[in-house]
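Fold and geometry: a report
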Amino acid sequence: MDSKPPTPTIEDAHRRHLDTLPFDDTRDFTDADRGFIAALNPCVIRAADGRVVWDNDVYAFLTGDAPTSVHPSLWRQSTLAAKQGLYEVVTASGATGEDAQGIYQVRGFDLSNITFVEGDTGIIVIDPLVSTEVAAAALALYRQHRGDRPVRAVIYTHSHVDHFGGVLGVTSQADVDSGKVAVLAPEGFTAHAVQENVYAGTAMTRRAAYMYGTVLQRGARGQVGCGLGQTPSQGEVAIIVPTVDIRETGETHTIDGVDIEFQMAPGTEAPAEMHFYFPQFRALCMAENATHNLHNLLTLRGALVRDPHGWAGYLTEAIDTFADRADVVFASHHWPTWGKDRIVEFLSLQRDLYAYLHDQTLRQLNQGFTGIEIAETFAMPPALEQAWHARGYYGSVSHNVKAVYQRYMGWFDGNPARLWAHPPEAIGPRYVAAMGGLDRVVELAQNAFDDGDFRWAATLLDHAIFTDENHAGARRLYADTLEQLAYGAETATWRNFYLAGATELREGNFGTPTQTTSTTMVSQLSPEQMFDVLAISVNGPRAWDLDLAIDITFLDTATNYRLSLRNGVLVYRKAAADAATAQATITLASKLRLLSLAAGDNSSPGLEIAGDAEVLASLVSVLDKPDPDFNIITP
């Protein structure tokens, strides 16, 4: 009998990637270093209380050849993304000398980039990072080398927190209110920004701790970045509502002598997103729709499924509209690309990336394949496989294909056996019993681990943990298995998920270490959105027997809303107060008082209750608080 062939190892895969990927193409390193002016040394940024909110120096280990514990392609990407400092992107067309107006970026101070566009008297700030402290540090570094130019405007490219959360580091609400600083954003920005960070914010933020590897040690066996950047900063998150909504493609504005031509791109990487072009600089900003990696069609932290067909269409429109007039294209992550031919090549391949994922997934689902089946065999064209900027460091081909399937077909794959499957807590013990008990399952998982079949080992151990989460052997082997999966992952977010799971198996639930929902964020909610937050919090079964009618009047806006709670559903509508039909009338000084009221605070100033006060107590009694520490990898 022939002997069993040797099992391929992570080292074997490592060597194969080194042999098959174009590591001799070093243009990205040249581009990432181009225009470098100065770094922040040390690159450690603290909050006012001394807490570290950003430390880029912890990535100093990213030098030399990749160790076998990190996919060599991901090591390359992380090395590039860890570069930090102030960079010149371009100077105005025809301008010369030190005083020539230009576009500058600070990179490596957060997950995203901040960009400064110089005008006649000041600067336009594009995407002020995640938090106040890092945005302020970036502005200080820019001013140290380019002068103390005042901020005249802020542009949010889209509605994700890493593109607006640090706004208070570059301007103030007072300066915006006074008209000194304009804030521009795509139509729908504020609604989408608060929905993502509030409605499902608790669950998304808990999973984001896995996705970004927030608590993981930095190092060759830990977190090396997240592909799009290194990790989000952990300072103060804020928002200032835009003063100018960009609504149409072709819309133009002049700010401080700088002409800007806008292209709308809704429903792409974010629900509200836009690109824009600066004629004086012959520079095109692509927001987050063309970066140096394959992006997510459905992020692992959770979100609405994005539209790759529309995404590709807006990239085509950008090529046709701007490419002939652009000398440089830059984005809110990574490094720019210079030269017309390279710009067209870059944007075209990015376009083909999302179009191919969309079209080929649809082709195969119409042949009866399910999302998981399509993803297992999906192959990208050679030109995209060999393009560094098209590789899956942040998104992956596998989970993006499944996202396309979900967008069109939903969660159900059509197989009736999967229509009403047991949840993990119920199916795990059944599988374990069928395989001969926990010890036998762990033995089979160990065999799979020894054979290098880590996916099967993880599946077996998932069932084992959902049968007995305290089984020491299962926890230990499961953590080891997830580590091996991490070491072989090219997608940084997969690596972080695997390592975060291993960490919780060994050390326990680490919860949600950072929060993106702040007081300033909540203050931007409309009354309707605040009522939505209440409706989401109603514990339906506890509220089945309640039949409430409450008027809530806001003194600051002189508006009244009628709330009704019936069948566990909270319904609100704007209507005149009617004491004859309301069981209680609640008068609030402002909308912010509503959330403290929902938290049970009915004694502080700004609240008056007329009618039956017990009605309010009944409503508050059925409101659940979200759990930021829910379990993910264990029952």
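Being a predicted model, the structure only gives us computed values, none of them experimental. (Residues numbered from 1 in each chain as written. Predicted model: local features only at pLDDT ≥ 70, side-chain atom pairs only at ≥ 80, totals over all residues. Heavy atoms only, no water.)

The next thing to look at is the side chain of Asn56. By the secondary structure assignment, Asn56 is in the loop between strand 3 (52-55) and helix 3 (72-81). A polar atom in the side chain of Asn56 sits 2.8 Å from the backbone oxygen of Ala82. Not counting chain neighbours up to four residues away, the residues in contact with Asn56 comprise Cys43, Ala82, Gln84, Gly108 and Gln230. (Helix = DSSP H or I, 4+ residues; strand = E, 2+ residues; numbered from the N terminus. Polar contact = N/O pair within 3.5 Å; in protein donor to acceptor, adjacent residues only side chain to side chain. Contact = heavy atoms within 4.5 Å.)

So, on to the sheet that holds strand 11 (residues 252-255). The strands making up a sheet associate through backbone hydrogen bonding, with each pair oriented either parallel or antiparallel. In space, the six strands of this open sheet follow the order 11-12-13-14-15-16, with mixed pairing throughout. Each having just a single partner strand, strand 11 and strand 16 (337-338) make up the two edges of the open sheet. Both strand 13 (residues 274-278) and strand 14 (residues 283-285) contribute to a ladder of three bridges, which runs antiparallel. Bridging from a neighbouring strand, Phe276 pairs with Cys285 of strand 14. Running at roughly 145 degrees to strand 12 (residues 258-264), helix 8 (residues 308-322) makes contact with strand 12, strand 13 and strand 14 of the sheet. (Pairing = 2+ DSSP bridges. Axes fitted to C-alpha atoms, helices over the stretch in contact; angles between N-to-C directions.)

A few words now on the UniProt feature "domain: Metallo-beta-lactamase" (unreviewed entry) in the chain. Per the UniProt entry, the sites bearing "domain: Metallo-beta-lactamase" (unreviewed entry) are residues 111-333 in this numbering. Split by type, residues 111-333 is 26% helix and 20% strand. Its first and last C-alpha atoms lie 8 Å apart. (UniProt positions renumbered as here; feature names shortened; annotations may be inferred.)

Taken as a whole, the second largest pocket encloses approximately 770 Å³ of empty space. As for the second largest pocket, its lining consists of 24 residues, and the residues nearest its centre are Val533, Ser537, Asp624, Lys625 and Pro626. Of all the elements in the fold, those that place two or more residues in the lining of the second largest pocket are helix 6 (189-199), helix 7 (201-211), helix 19 (527-537) and helix 21 (592-598). The residue makeup of the lining of the second largest pocket, split by class, is 15 nonpolar, seven polar and two charged. (1 Å grid on protein atoms, 1.4 Å probe; cavity = no way out; pocket = protein on both sides within 12 Å on 5 of 7 lines; lining within 4 Å. Points joined across faces, edges and corners; volume = space filled by probe spheres on them. Nonpolar A, V, L, I, M, F, W, Y, C, P; charged D, E, K, R; others polar.)

Attention now moves to the packing of helix 14 (residues 438-450) against helix 16 (residues 472-487). With their axes 10 Å apart at the nearest point, helix 14 and helix 16 run at an angle of 25 degrees to one another. As judged from the angle between their axes, helix 14 and helix 16 are roughly parallel. Of the two elements, helix 14 crosses helix 16, and the hand of that crossing is left-handed. From helix 14, Val442, Ala445, Gln446 and Phe449 reach across to helix 16, where they touch Gly473, Ala474, Leu477, Asp480, Thr481 and Gln484. (Parallel < 35°, antiparallel > 145°, perpendicular 65-115°, else oblique. Left-handed = near helix turned anticlockwise from the far one by under 90°.)

The end-to-end C-alpha separation of helix 4 (residues 132-146) is 21 Å, in line with the 21 Å expected for 15 residues at 1.5 Å each. Listed as buried for helix 4 are Thr132, Glu133, Val134, Ala135, Ala137, Ala138, Leu139, Leu141, Tyr142 and Arg146. Gly147 sits one or two residues past helix 4 and shows a positive phi near 100 degrees. (Expected span 1.5 Å × (residues − 1). Buried < 20%, exposed > 50% of the residue type's maximum accessible area, 1.4 Å probe, protein only.)

By size, the foremost hydrophobic cluster in this structure holds 68 residues, and its most contacted members are Phe109, Phe116, Val154, Tyr156, Ile552 and Leu594. It is helix 4 that provides the largest number of residues to this core, a total of seven residues. The residues touching Phe109, leaving out its near neighbours within four places in the chain, are Leu40, Cys43, Ile45, Trp54, Gln84, Gly85, Leu129, Val134, Ala137, Ala138 and Leu141. (Core = buried A, V, L, I, M, F, W, Y, C linked by side-chain atoms within 4.5 Å.)

This part takes up empty space enclosed by the protein. Applying the stated rule across the entire model yields four cavities of 30 Å³ or more. Of the voids in this model, the largest cavity is the one considered here, and its volume is about 120 Å³. Taken together, 14 residues form the lining of the largest cavity, with Ala81, Arg107, Gly108, Asn113 and His334 sitting closest to its centre. Residues belonging to the lining of the largest cavity are distributed by class as follows: six nonpolar, five polar and three charged. In this model, the second largest cavity occupies a volume close to 50 Å³. Taken together, Leu534, Ile552, Leu563, Leu594, Leu597, Ala598, Leu616, Leu619, Val620 and Leu623 make up the lining of the second largest cavity. For the lining of the second largest cavity, the elements supplying multiple residues, two or more each, are helix 21 and helix 22 (613-621). Split into classes, the residues belonging to the lining of the second largest cavity amount to ten nonpolar, no polar and no charged.

The element strand 5 (residues 102-107) is extensively covered by neighbouring structure, given that six of its six residues are classed as buried. Side chains of strand 5 alternate between two faces, with Gly102, Tyr104 and Val106 and Ile103, Gln105 and Arg107 buried alike. Sheet topology places strand 4 (residues 85-91) next to strand 5; six bridges connect them, and they run antiparallel. Looking at strand 5, one finds that Glu88 is bridged to Tyr104. Of the pairings in the sheet, the one linking strand 5 to strand 6 (residues 114-118) comprises four bridges and is antiparallel in character. Bridge assignment links Val106 to a residue of strand 6, and that residue is Ile114. Where strand 5 folds back onto strand 6 in an antiparallel hairpin, the turn is made up of six residues, including Gly108, whose phi is positive at roughly 80 degrees.

Before going further, it helps to spend a moment on the packing of helix 14 against helix 15 (residues 454-465). Packed helices, taken two at a time, are described by the angle their axes make and the gap between the axes. Here helix 14 crosses helix 15 at 165 degrees, and the two axes come no closer than 8 Å. Viewed along their axes, helix 14 and helix 15 adopt a mutual orientation that is roughly antiparallel. Note on packing geometry: the crossing formed by helix 14 with helix 15 is left-handed. Touching Leu438, Val441, Val442, Leu444, Ala445, Ala448 and Phe449 of helix 14 are Phe454, Trp456, Ala457, Leu460, Leu461 and Ala464, all from helix 15.

The description of two aromatic rings rests on the distance between their centres and on the angle between their planes. This model, assessed by the stated rule, comprises 23 aromatic pairs. Ring centres of Phe262 and Phe276 lie 5.6 Å apart, and the angle between their planes is 55 degrees; this geometry places the pair in the tilted category. In this pair, Phe262 sits in strand 12 while Phe276 sits in strand 13, placing the two residues 14 residues apart along the sequence. The same class applies to Phe262 as to Phe276, namely buried. Consider the rings of Phe531 and Tyr572, whose centres lie 5.4 Å apart with planes at 35 degrees: the pair is tilted. Taken as a pair, Phe531 in helix 19 and Tyr572 in strand 19 (residues 569-574) lie far apart in primary sequence, 41 residues in all. Given a relative accessible area of 0%, Phe531 falls into the buried group. The partly exposed category is assigned to Tyr572, whose relative accessible area is 24%. Members of the aromatic cluster, connected to one another through ring pairs, are Phe262, Phe276, Phe278 and Phe281. (Phe/Tyr/Trp six-rings, centres within 6.5 Å; stacked < 30°, edge-to-face > 60°.)

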